[in-house]
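Chain and residue survey
The chain contents come next:
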Amino acid sequence: MTIAAAPPAAHILSLAQTFRGGGVERSLLRLTRDWLAADRQVTLLLGQRDGPLAAELPPGIRIIERGSAAFRDLGILPAIARDIQPDVIFCPGNHYTSIAGLAKLQLGTGAPPIIAKISNALARPDHVFPLAPAYRWWLRRHPGFIDHFVAMSPAMRDEAIVAMHADPNRISVIANPAPFRTNSAPPADLPKGPLLVGVGRLEPQKRWDRLIDAIKLIDQQQVALVIIGEGSTRSALTAQIARLGLCNRVTLMGYLSDPSPYLAAANAAVLTSDFEGVPAVLREALALGTPVVATESSVAVREIVAHPGLGSIVPRGDQVALVDALNRWLSPAAIRPAPVAPPGADSAKAYLALFDRLVADRRAGFRE
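Everything numeric here is computed off the predicted structure, so don't read it as measured data.

1. Digging into the overall build of the protein
- If you tally the helices and strands in the protein, you get twelve helices and 13 strands.
- Against the globule reference of 21 Å for 368 residues, the protein gives a C-alpha radius of gyration of 21 Å, in line with a compact fold.
- Over its C-alpha atoms, taken along the principal directions, the protein stretches across nearly 70 × 55 × 40 Å.
- When the 368 residues of the protein are sorted by exposure, 52% land in the buried category.
- Considering only intrachain contacts with a sequence separation of at least 6, the fraction spanning at least 24 residues in the protein is 72%.
- Total accessible area on the protein is roughly 16,100 Å²; 56% of this is exposed by carbon and sulfur atoms.
- Looking at the protein, you have 38 positive and 32 negative side-chain charges, and the mean spots of the two groups are 1 Å apart.

Quick look at the structure:
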């Protein structure tokens, strides 16, 4: 009997800080599940196994847990790589690239190919002097320690070429994997009547305070708002809701593994972030035929909301435009879009093909 040769990228090493519900980590777990199903070995360096995403860990993954949520404790990655000798290191998002840089510095020519996904906008409106020029300098250093980048959309690839001065041949476009749906019945607590839904972490970047403020200004005073997610701004948002007298209309739902029943029932899905990567919630909503209202928080937003029939794009910080857009989609005359199939069905295969090619090319170079 012939035994099939192992693929070049048979062993993948990646990392995550916690499982507290970030889109980067959620996408990583979806990819990991499919990589394991393709008979690849996956090792995950994990800071701390806390948070709701821990329930989504796929069977078969090897976890090396540090027992601490401190980012600096992930600095052991180079030692782990030296010990287990993975074929590739996958950096799942912008947040982790400094650890990838440390791995390249410490491992030198012994480092396996390092692939990094660009998970967030590279143009950061929240940065001011001196952070803004320092961040631009940091981005331009990335091609020195990242072997290959993955952008989640063509527009993000173009942004990376400009911001990082990266060789276009070293940037691939691979969409995030498609969302997981439970196909469960509508929940009993689903609000009746007009409904707006936001999905995302309760963190400053998301600017849910803008959306809560807008609820007081829209035409339909009986509209309900549900925000699905968890994070550090919960107490501030709770206080804002109470101050505005919206306790009966605004619900901070917490994390849900499958927000699709709420998105399907909504008049619109709303995203009010200052900056994003490729917002998965917009694609999830449009796949259900739910229009979206989004700030222009990423170059990818106009790729997703490709025409006005899909939703409204408003400038960051323009509350009048936000309220107008919400009123448009809350109107009884609003026409819901036809469902838009999201990309990403073959994302895991595309990543594996990229990993295999990079490893094979590296080994061929060593033989020459």
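Next, the rest of the story.
2. Points about the sheet that holds strand S3 (residues 62-65)
- What the seven strands build is an open sheet, ordered S3-S2-S1-S4-S5-S6-S7; its pairing is parallel. Edge positions in the open sheet fall to S3 and strand S7 (171-173), since each of these has one partner strand only. Across the sheet, the axes of successive neighbouring strands diverge by a mean angle of 25°, strand direction being ignored.
- In the packing of helix H5 (residues 154-164) onto the sheet, contacts are made with strand S5 (114-118), strand S6 (148-151) and S7, and the angle to S7 comes to roughly 165°.

3. Examining the sheet that holds strand S13 (residues 311-314)
- Within the open sheet, the six strands sit side by side as S10-S9-S8-S11-S12-S13. Their pairing is parallel. The open sheet is flanked by strand S10 (250-254) and S13, the only strands paired with a single partner. Adjacent strand axes in the sheet meet at a mean angle of 20° when their direction is disregarded.
- Pairing of strand S8 (residues 195-199) with strand S9 (residues 224-228), which is carried by five bridges, proceeds in the parallel orientation. Bridging across to S9, Leu-195 finds its partner in Ala-224.
- The strands touched by helix H6 (residues 208-215) within the sheet are S8, S9, S10, strand S11 (268-271) and strand S12 (292-295), with S9 carrying the most contacts at an inclination of about 170°.
- Against the sheet, helix H9 (residues 280-287) touches S8, S11 and S12, its axis set at about 165° to S12.

4. Thoughts on the nonpolar core
- Trp-35, Phe-90 and Phe-355 are the most contacted members of the largest nonpolar core, which has 86 residues in total.
- At seven residues, helix H12 (residues 347-367) tops the list of elements feeding residues into this core.
- Non-local contacts of Phe-355, meaning those with residues more than four positions away in its chain, are made with Ala-9, Ile-12, Trp-35, Val-88, Phe-90 and Ile-115.

5. Overview of H5
- All of the buried residues along H5 are Ala-155, Met-156, Glu-159, Ala-160, Ala-163 and Met-164. The buried residues of H5 occupy an angular sector of 140° when the element is viewed end-on, so they sit on one face.
- Summarising the contacts, the buried residues of H5 are in contact with S5, helix H4 (131-141), S6, S7 and helix H10 (301-304).
- One or two residues past the end of H5 sits His-165, with phi positive at roughly 55°.

6. What about empty space enclosed by the protein?
- Counted by the stated rule, this structure contains one cavity of 30 Å³ or more.
- Computed from the structure, the largest cavity encloses a volume of approximately 40 Å³.
- Lining the largest cavity, in full, are Arg-210, Thr-295, Val-314, Pro-315, Gly-317, Asp-318, Gln-319 and Leu-322.
- Split by residue class, the lining of the largest cavity holds three nonpolar, three polar and two charged.

What counts, and where the lines are drawn
- Residues numbered from 1 in each chain as written.
- Predicted model: local features only at pLDDT ≥ 70, side-chain atom pairs only at ≥ 80, totals over all residues.
- Heavy atoms only, no water.
- Helix = DSSP H or I, 4+ residues; strand = E, 2+ residues; numbered from the N terminus.
- Rg over C-alpha atoms; globule rule 2.2 N^0.38 Å.
- Buried < 20%, exposed > 50% of the residue type's maximum accessible area, 1.4 Å probe, protein only.
- Contact = heavy atoms within 4.5 Å.
- Areas by Shrake-Rupley, 256 points an atom, 1.4 Å probe, with all protein chains shown as cover.
- Lys, Arg positive; Asp, Glu negative; His and termini not counted.
- Charge placed at Lys NZ, Arg CZ, Asp CG, Glu CD.
- Pairing = 2+ DSSP bridges.
- Axes fitted to C-alpha atoms, helices over the stretch in contact; angles between N-to-C directions.
- Core = buried A, V, L, I, M, F, W, Y, C linked by side-chain atoms within 4.5 Å.
- Arc of directions from axis to C-beta.
- 1 Å grid on protein atoms, 1.4 Å probe; cavity = no way out; pocket = protein on both sides within 12 Å on 5 of 7 lines; lining within 4 Å.
- Points joined across faces, edges and corners; volume = space filled by probe spheres on them.
- Nonpolar A, V, L, I, M, F, W, Y, C, P; charged D, E, K, R; others polar.

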